[in-house]
Every structure is written in structure tokens, then in C-alpha cells.
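The lines below spell out each chain.
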2 protein chains.
Amino acid sequence: MTRWLEDEELRAWLKLAGVMLKLAPALDSQLQRDNDLTHFDYLCLAMLSESDDERTLPMSELAGRTNASLSRLSHVVSKLERRGWVQRCPSPRSRRVTLVRLTEDGWQVLVKAAPGHVETVRELVFDELGPEDVAALERIAGHIVERIEESRLRSTC
Amino acid sequence: MTRWLEDEELRAWLKLAGVMLKLAPALDSQLQRDNDLTHFDYLCLAMLSESDDERTLPMSELAGRTNASLSRLSHVVSKLERRGWVQRCPSPRSRRVTLVRLTEDGWQVLVKAAPGHVETVRELVFDELGPEDVAALERIAGHIVERIEESRLRSTC
DNA sequence: CAGGGAAAGTTGAAGCATCAAGTGTTGACT
DNA sequence: AGTCAACACTTGATGCTTCAACTTTCCCTG
């Protein structure tokens, strides 16, 4: 008794799949070429830079803000730490959380990479998109993200 | 002289990034668990099944329809061929194209996997999305995909 | 028709992501 | 005070993706 997708839905779905399959590689490719960074690397640095306290966040918090699993984040933080852009340190609050801090070098890398990345995002997404489209995009994407989170909750209970 | 993103744009962008980072893994996870398939594996089988002639397509055509590089596709087709779900054969038209054909076994796998996958897509994306949202999604996603393709053209010329 | 360049595909290596299993830590309940 | 489940990670193995290099085949242009 499967409810198949309507024509309209199917077309929208194929386009959305196209975005998933093409946008991430496109962003990766620009950042990799110009700054030897993954889009996910960039996100980590950016989220740390925007945290209030000393550019520092607990692993789980950073995982939440970057939409990543703790495992994925741990591997990436190790890489960034090897490059000296980030530093792990114990939390004074609890011995099971480890804090990640953006170093000065990491901040410089971010400052250097940001303009090109933002330019790419503008070019691929926002240029020629009217304000009502931006609003619709935020609404729809937000809705999808919420549904995914709800569904994860349901499956782990 | 970087034109940074407006507040509205930034919020929309973070949500869209969330979709990229969460939706693909969510789809992969369901298909992997229930059918030992990647979302990209599924797309390949599905695109072959919908081709007119004998469930057969040239590699490049399939790469186009699945938004993948030829290299990525080649590796995946090798895997699917090992499992007996797909078969490579030479094209009668030209000796440099290789055709990929969906086998009966591959068709059965697709038939078995489809309901669960469609159900997941409904649950994560389309349920509770009005018709005008679906239309907006198609329009916006289509726009982004176009811009990515244009930008690839520009950079290879 | 000869050569050169582009197109179609394959391959191997390197880097990423995911999964499952592990360690230590904490809070809650008895 | 002791136990036990849940939390916050980390690690190593496996599989997937990308990248660069390569082969074949085709087309075009002089």
C-alpha cells in the first residue's frame, strides 16, 4: 500500500537530490582548491569562531551546531589539531567533556578562506534569489531538518 | 570587498547546510539498514529502471541522470555488477561507450527497496508540505542545480 | 588521410565518513 | 556507599568518493 510520490513531488524530489549530490562537492571543491579545506572543516572553524567564550566549544555542542556525529567530528578535530588550527583541552566543569578551542592560526585560516567561500555560496545559491525565495528556502529547509531530528528521536526510543 | 550574507540569507544558508549534512545520511541509513544499499546505489538502479530501452543506459547518460562523476559511477557500477544487479555490455553504436543494463535480480532488489525508501522521503520531506511549498522547493532547488552546472561550464572553458 | 585533440571510461591511491566497539565519567536510584 | 545505565567521547576497520593518470575510440581540420 505504498503511497508513491505525485508527479509534482517527484520532480521536486529529483531536484532536491540534485542539490544534495552537487552542492556539497561544489563547495568542497572550491575550498579544497583555494584553502585545502573541506566544507565540513570550514564549518567547524566557523562555528568555533562564533562561539562567545574564547572561541571554545565542547565537542558535543560543536557536533550539534555542525550537524555531525561525534565520531565524525572527533576524526576531523584530530586532523585540525595536527595542523595546529584547533586545540583540545579538558573542561573545568566535567571530566568527560573535552573542549575545542580555535587557535590564532586557525582563526587566520578562517579569515583567509571566508571571502572565497561566501562568494561561492552567493554565486551558487543566493544571487538571483528574491527575498521571498530566501524566506521559503529557510522555511522548507528548516522543516526538513526538524523532521529528520524528530525521526531520529523516534527511532532511538 | 566581500559582500557578506544578510541575516536572512545566513539563516537560510545554515538550514540548507543542515539539509545537506543530515538528509543524505538519513536516507543512506534507512536504505543501508533495510536493503544494504546506498542512496546513490538506489538512484542508479532507479534511473536504469526508468529508461525506455531495455533498462539500459550508457555510463555517461547514467552519470548525468544521477548527478555523479564518471569515476564515481564506474566504481559503483563495478560493485553492483559484482552483486549481479547490473551488467556492463559494449554499445553497438560506438566502441567507446559502455552500456549498463539492469538485470532481473537488480530489478527485484529495486522493487523490494522502493516502498521503504519512498516512505522515508515522504516522512522526511513531503508530509506536511503544502503544494505551494512543493512548487517553491522545485523552483529553488532547480535554480541551484542550474547555477552549479553553469559554474562548472565557466570553470572548464 | 594523418595528426591532434576531445570524449568515454577505467584504475589505483589517498582522504573521508560511518559503524561498531571500547574507555572513562557522571548521575540516579537503592 | 554501591551499582548501573546513560553520557561524552575515541579508536580502528571498512567502504565510499575524489583526484590524477591512463587507455581507447572517435571526430575534425588541414
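Going by the structure above, here's the rest.
Cut-offs and rules
- Residue numbers here run from 1 along each chain, matching the order of that chain's written sequence.
- To label them, take the chains in the order written and letter them from A, then take the ligands in the order written and number them from 1.
- Local features in this predicted model are restricted to residues of pLDDT 70 or higher, and side-chain atom pairs are both shown and tallied only at a pLDDT of 80 or more, whereas totals for entire chains, interfaces and linings draw on every residue.
- By convention in this description, side-chain values take in all heavy atoms of the structure and omit both hydrogens and water.
- In this text, helices come from DSSP runs of H or I with a minimum length of four residues, and strands from runs of E with a minimum of two, each type numbered from the N-terminal end.
- Using a 1.4 Å probe on the protein chains alone, a residue whose accessible area is under 20% of its type maximum counts as buried, one over 50% counts as exposed, and one in between counts as partly exposed.
- In this analysis, two residues are considered to be in contact whenever any of their non-hydrogen atoms come within 4.5 Å of each other.
- Surface exposure here means Shrake-Rupley accessible area, sampled with a 1.4 Å probe, where a residue is shielded only by the protein chains that are shown.
- His residues and chain termini do not enter the charge count, which takes Lys and Arg as positive and Asp and Glu as negative.
- To locate a charge, the coordinates of NZ of Lys, CZ of Arg, CG of Asp or CD of Glu are taken.
- Put simply, two rings from Phe, Tyr or Trp (the six-membered ring, in Trp's case) pair if the centres are within 6.5 Å, and we call them stacked under 30 degrees between planes, edge-to-face over 60, tilted for the rest.
- Ring-over charges, as used throughout, are those where CZ of Arg or NZ of Lys falls within 6 Å of the ring centre and within 35 degrees of the ring normal.
- Any two strands with at least two DSSP-identified bridges between them are counted as paired.
- Inter-axis angles, ranging from 0 to 180 degrees, are taken between N-to-C directions of lines fitted to C-alpha atoms, where helices are fitted over the stretch in contact.
- Note on definitions. A residue lies near a molecule or strand when any single heavy atom of the residue is within 4 Å of it.
- For the purposes of these results, a polar contact is taken to be a pair of N or O atoms within 3.5 Å, where, inside protein, one atom must be able to donate a hydrogen and its partner to accept one; residues adjacent in sequence count only when each atom of the pair is a side-chain atom.
- We call Asp, Glu, Lys and Arg charged. Ala, Val, Leu, Ile, Met, Phe, Trp, Tyr, Cys and Pro are nonpolar, and the rest, Gly among them, are polar.
- C-alpha atoms of residues with pLDDT of at least 70 in both copies form the basis for the least-squares superposition of the copies.

1. Remarks on the overall build of chain A
Move 1: Regarding its fold elements, chain A presents 6 helices and 3 strands.
Move 2: When the helices and strands of chain A are placed in sequence order, the string is α-α-β-α-α-β-β-α-α.
Move 3: Overall, the C-alpha framework of chain A stretches about 55 × 40 × 25 Å when taken along its three principal axes.
Move 4: Across the 157 residues that make up chain A, the buried fraction comes to 50%.
Move 5: Summarising the internal contacts of chain A: among those between residues at least 6 apart in sequence, 49% fall at separations of at least 24.
Move 6: As displayed, chain A offers around 8,500 Å² of accessible surface, 51% of which is attributable to carbon and sulfur atoms.
Move 7: Of the side chains in chain A, 22 bear a positive and 26 a negative charge, and the two mean positions are spaced by 8 Å.

2. Focus: the packing of aromatic side chains
Given two aromatic rings, one states the distance between the centres and the angle between the planes to describe the pair.
Residue and element names in this part refer to chain A.
Move 1: Using the criterion set out here, one finds 0 aromatic pairs over all chains in the structure.
Move 2: Stacked on the ring of Trp107, the Lys or Arg Arg55 has its end atom at 4.0 Å from the ring centre.
Move 3: Over the face of the ring belonging to Phe40 we find Arg72, whose NZ or CZ atom lies 4.2 Å from the ring centre.

3. Examining the sheet that holds strand 3 (residues 98–102) of chain B
Residues and elements named next belong to chain B.
Move 1: Spatially, 1-3-2 is the arrangement adopted by the 3 strands of the open sheet, whose pairing is antiparallel. Where the open sheet ends on each side, the last strands, each with one partner, are strand 1 (56–58) and strand 2 (86–90). Averaged over all pairs of adjacent strands, the angle between their axes in this sheet comes to 30°, without regard to strand direction.
Move 2: Here strand 2 runs beside strand 3; their pairing, made up of 5 bridges, is antiparallel. Paired with Arg88 across the bridge in strand 3 is Val100.
Move 3: Along the sheet, helix 4 (residues 70–82) contacts strand 2 and strand 3; its crossing angle with strand 2, the most-contacted strand, is approximately 115°.

4. Observations regarding the side chain of B:Thr120
Move 1: Note that B:Thr120 resides in helix 5 (residues 104–126).
Move 2: With sequence-adjacent residues up to four places away left out, B:Thr120 is seen in contact with B:Leu27 and B:Gln30.

5. So, the protein's contact with DNA strand C
Move 1: In the neighbourhood of DNA strand C, 19 residues make up the surrounding shell, with A:Ser71, A:Arg72, A:Arg95, B:Ser60 and B:Arg88 lying closest.
Move 2: A share of 63% is what sugar and phosphate atoms reach among the atoms of DNA strand C within 4 Å of the protein.
Move 3: Between a phosphate oxygen of DNA strand C and a side-chain N or O atom of A:Arg72, the distance comes to 2.6 Å.
Move 4: Ranked by the residues each element gives to the surface near DNA strand C, the list is headed by helix 4 (residues 70–82) of chain A, at 5 residues.
Move 5: Looking at the surface near DNA strand C residue by residue, the class counts come to 5 nonpolar, 8 polar and 6 charged.

6. Here we look at the relation of the copies chain A and chain B
Move 1: Once turned by 180° and shifted 0.0 Å along the axis, chain A lies on chain B with an RMSD of 0.0 Å. The transformation just described matches what one would write down for a two-fold rotation axis. Within chain A, A:Met20 has its C-alpha nearest the rotation axis, a separation of 2.8 Å.

7. Examining the sheet that holds strand 1 (residues 56–58) of chain A
All names here are of chain A.
Move 1: Spatially, 1-3-2 is the arrangement adopted by the 3 strands of the open sheet, whose pairing is antiparallel. Strand pairing shows two members of the sheet lacking a second neighbour, strand 1 and strand 2 (86–90), which therefore form its edges. Shown here is a sheet whose adjacent strand axes are inclined to one another by a mean of 30°, direction ignored.
Move 2: Where strand 1 and strand 3 (residues 98–102) come together, 3 bridges link them in antiparallel fashion. For Thr56, the partnering residue across the bridge sits in strand 3 and is Arg101.
Move 3: Against the sheet, helix 2 (residues 39–49) contacts strand 1, strand 2 and strand 3, and its axis sits at roughly 90° relative to strand 3.

8. Topic: the protein's contact with DNA strand D
Move 1: As a matter of local geometry, DNA strand D sits amid 19 residues, with A:Ser60, A:His75, B:Ser71, B:Arg72 and B:Arg95 nearest to it.
Move 2: A share of 66% of the atoms of DNA strand D within 4 Å of the protein falls on sugar and phosphate groups.
Move 3: At 2.8 Å, a side-chain N or O of A:Arg88 approaches a phosphate oxygen of DNA strand D.
Move 4: With respect to DNA strand D, the side chain of B:His75 contributes an N or O atom lying 3.1 Å from a base oxygen.
Move 5: Of all the secondary-structure elements, those providing two or more residues to the surface near DNA strand D are helix 3 (59–65) and helix 4 of chain A together with helix 4 of chain B.
Move 6: When residues of the surface near DNA strand D are assigned to their parent elements, the largest contribution, 5 residues, is made by helix 4 of chain B.

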